[in-house]
Amino acid sequence: MSTVRVLVGTRKGAFILTSDGKRETWDVNGPHFGGWEIYHLKGSPVDSNRLYASQSSGWYGQIIQRSNDGGKTWEQPGTKPSEPTTTPDGTPMGESNKFVYDTSSGSGKPLTTHQWYDGTQHPWEFKRVWHLEPSLTDPDTVYAGVEDAALFRSTDGGQTWQELSGLRGHGSGAQWAPGAGGMCLHTILLDPSNPERIFIGISAAGAFRTDDGGKTWRPINRGLKSQYIPDPNAEIGFCVHRLAMNRSRPNVLFMQLHWDVMRSDNAGDSWREVSGNLPTDFGFPIDVHAHEPNTVYVVPIKSDSEHYPPDGKLRVYRSRTGGDEWEALTNGLPQRDCYVNVLRDAMAVDSLDSCGIYFGTSGGQVYASADAGDHWAPIVRDLPPVVSVEVQTLP
Amino acid sequence: MIRVVLPFHLRTLARVDGEVELEVNGPVTQRSVLDALEARYPVLCGTIRDHVTQQRRAFVRFFACEEDLSHESPDTPLPEAVASGAEPFIVIGAIAGG
């Protein structure tokens, strides 16, 4: 029988939750990296035992962790303790937590500043890795979305990182500005049908796409609207919260914008709103059913000033029509006095025949549904605030 | 032998218990001590000072002999008691936030 492994990043460590295909009883393992913020951890699609984790701290900065045994043990993929930090010819050895922006003249248009909250220019400063996206084909290749917004790639299992600087250098980078959560690159979608195509989301710059493996990028924000941006044709400046796709239909993208749930049928070239009958179209996560590309999930949140569900009722909303028409999923979820939030990276779907949906809350609960959202139950109730949820379906 | 006391999370990262003892060649300064520390424990690179600028991270402080040395030049000699090993060089995660 298949096994499901749920990877949970929290404000105070990582947890690994496992169950069989029934997804009724769960083993909870953790905390890993106790006391550290784990923004994200994710497994390789081609080697399920290869996991990557972003471990960070306001005090001590960024650490990258890697596991080769499904999370039983972890290592920093850089130089080992007591090994020399330089090669005999003086070349620095790999340093897995070293994310240095490309300022070389040979990389296109390197940038040193972006727009700050007060409209002035501010230096680009690395703060943390928000999202790790392992390659669809190579377990040693992994992408990292970072704050301040940039995309890095490692091709040696996380030992060293190089910026794909064409993103920041595509032309609008100096106008990017942080959202309330910082200027983060939080979403990385790899197109399974086209290895040269990657979609990314940046708060609060917008969505971008490359069609040449990351060398050049263009904004894909046409059709997005923001009450803060009077220009309807603005190229950038949108507070994209999350992007999602179904692997079988990578040209169709769904987006949770700051306000508005959006859909694109042409790989982001244009967007239309599909918020329909949602009680509020503010929110953070969005995901798509593993087998039904028109079945989409969001968690409406009251407003950008009140980050909790409307009316104290935690409801996932599901559309089976690719948007516009939404139904509330409430069975097993708290329907009174619930004031948690669900962050952008804290929802995931498994690929079992009966698709499982998972999400974590700022109150430390991780909920699971083994029947595509019809019924829910908590796997755990009392973890630290959940930042991210990923799931692996293991044979 | 230079004695260094690391905060809990950095001891965990470096997989050490208690104090770290380091050989430092030449003048004993913040920079030479941290260079030796990072050479012994590469995982600590970037956790105490920035990889590129070598600036102390904002919420990390340096103490020795009951003095806050955080704002001293990284090339100022540390107190003789540190250089002789009588007192440790202490790296502290500043208390901030909740």
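Bear in mind the structure is a predicted one, so any value in this text is a computation, not a measurement.

(A) Spotlight on the interface of chain B and chain A. Tallying the contact residues gives 20 residues for chain B and 19 residues for chain A. For the side of chain B that touches chain A, the leading source of residues is helix α1 (residues 8-14) of chain B, giving four residues. Within the side of chain B that touches chain A, the residues separate by chemical class into eleven nonpolar, five polar and four charged.

(B) The sheet that holds strand β19 (residues 261-264) of chain A, seen in detail. All names here are of chain A. Pairing is antiparallel in the open sheet, where four strands are placed in the order β17-β18-β19-β20. Strand pairing shows two members of the sheet lacking a second neighbour, β17 (240-245) and β20 (272-273), which therefore form its edges. Of the strand pairs in this sheet, β17 and strand β18 (residues 253-257) are connected by five bridges, and their pairing is antiparallel. Pairing of M245 across the sheet is with L253, part of β18.

(C) Layout of helix α2 (residues 30-40) of chain B. All names here are of chain B. All of the buried residues along α2 are Q30, V33, L34, L37 and E38. The arc that holds the buried residues of α2, viewed along the axis, is 130°, so those residues lie on one side. Where α2 is buried, its residues meet β1 (2-5), β2 (20-22), β3 (60-64) and β5 (89-93).

(D) Quick look at the pairing of strand β5 (residues 51-57) of chain A. All names here are of chain A. Along β5, seven of the seven residues are buried, which leaves the element largely enclosed by surrounding structure. Every second residue of β5 is oriented toward a common face, with L51, A53, Q55 and S57 on one face and Y52, S54 and S56 on the other, all of them buried. Two elements, strand β4 (residues 37-43) and β5, share six bridges in a ladder whose sense is antiparallel. Paired with I38 across the strands is Q55, a residue of β5. Sheet topology places β5 next to strand β6 (residues 61-67); seven bridges connect them, and they run antiparallel. Looking at β6, one finds that A53 is bridged to Q65. Count of turn residues in the β5/β6 antiparallel hairpin: three residues.

(E) Highlighting unusual backbone geometry. Residues and elements named next belong to chain A. Put simply, E147 and D148 share a cis peptide bond, and its omega is -5°. Along the polypeptide, D148 turns up in the loop between β10 (142-147) and β11 (150-154). With an omega dihedral of 10°, the bond running from S203 to A204 counts as a cis peptide bond. Looking at the element boundaries, A204 is found in the loop between β14 (198-203) and β15 (206-210). Residue D260 is not a glycine yet carries a positive backbone phi of 90°. Note on placement: D260 falls in the loop between β18 and β19. A positive phi angle, close to 65°, is found at D311, a residue other than glycine. Here D311 is to be found in the loop between β22 (296-301) and β23 (316-319). Classification of D311 by C-beta neighbours within 10 Å gives exposed; the count is 12.

Rules behind the numbers
- Residues numbered from 1 in each chain as written.
- Chains lettered and ligands numbered in written order.
- Predicted model: local features only at pLDDT ≥ 70, side-chain atom pairs only at ≥ 80, totals over all residues.
- Contact = placed C-beta atoms within 7 Å.
- Helix = DSSP H or I, 4+ residues; strand = E, 2+ residues; numbered from the N terminus.
- Nonpolar A, V, L, I, M, F, W, Y, C, P; charged D, E, K, R; others polar.
- Pairing = 2+ DSSP bridges.
- Buried ≥ 20, exposed ≤ 12 C-beta atoms within 10 Å, placed from the backbone.
- Arc of directions from axis to C-beta.

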